[in-house]
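If you want the building blocks of each chain, they are given just below.
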Amino acid sequence: RARASQRDAATARSPARAVAALPFAALAKAISGGGVAALAAAMAPGQDLLVTFGSMALAPFLSSLLSTLVRLNVTSLVVGALDAELHDACITAHVPVLRIDGGAAASSGYFRKDYGAFKKMGARKARFLATLLAAVGAGGAGGLWVCDADVSFLRPPSTELAMRPSLAAADV
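A brief structural summary. For clarity, every value in this text was computed on a predicted model and none was experimentally measured. (Residues numbered from 1 in each chain as written. Predicted model: local features only at pLDDT ≥ 70, side-chain atom pairs only at ≥ 80, totals over all residues. Heavy atoms only, no water.)

1. Things to note about helix α3 (residues 59–71)
Because each turn of an α-helix spans 3.6 residues, side chains separated by three or four positions end up pointing in the same direction.
Moving on, step 1. Here α3 contains 13 residues, and its C-alpha end-to-end distance of 18 Å stays within 8% of the 18 Å for a straight helix at 1.5 Å per residue.
Moving on, step 2. By the burial criterion, the buried members of α3 are Ala59, Leu62, Ser63, Leu65, Leu66, Ser67, Thr68 and Leu69.
Moving on, step 3. Where α3 terminates, the next one or two residues include Asn73, which has phi positive at roughly 65°. (Helix = DSSP H or I, 4+ residues; strand = E, 2+ residues; numbered from the N terminus. Expected span 1.5 Å × (residues − 1). Buried < 20%, exposed > 50% of the residue type's maximum accessible area, 1.4 Å probe, protein only.)

2. Topic: the sheet that holds strand β4 (residues 144–147)
Moving on, step 1. In space, the 4 strands of this open sheet follow the order β3-β2-β1-β4, with parallel pairing throughout. Only two strands of the sheet have a single partner each, and these edge strands are β3 (97–99) and β4. Across the sheet, the mean angle separating the axes of adjacent strands is 25° when strand polarity is ignored.
Moving on, step 2. Summarising the sheet, strand β2 (residues 77–81) and β3 pair through 3 bridges and their orientation is parallel. Bridged to Val79 within β3 is Val97. (Pairing = 2+ DSSP bridges. Axes fitted to C-alpha atoms, helices over the stretch in contact; angles between N-to-C directions.)

In structure tokens, the structure reads:
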């Protein structure tokens, strides 16, 4: 039991510890060598990119999301790290990650209830998404799908969401 407890604690500290590194390794390597520009170059024409965000406080949620995406064979993703701890943990786990400039969190704690920090984080996320969209869209890639780290999908998100009749008028 002590060993299982230690393993569970280690998994909570490392996003994607339970996820095999191979599905994400190529994209992670490309990003680590050249950031957003390398990400755009590594994307195949028409390929969708799923983007999520988080700080180390959300690592257990992120680990769950990544595990689900691997099961669904969704491997084109990038994590926007809001703190250095999550950024380093993703690099160690070979998860594609980009540091969101300025880091919204002063620490790796949960800052949702700090309204000022939360607003700044939202602005940084919007700038980050605009940068990603400009780079990935210019390369002819497919869609940019954005979700929080605390979600889970039953099917690949592009298939599930793009086919909904209620979204026919939307740019999906």
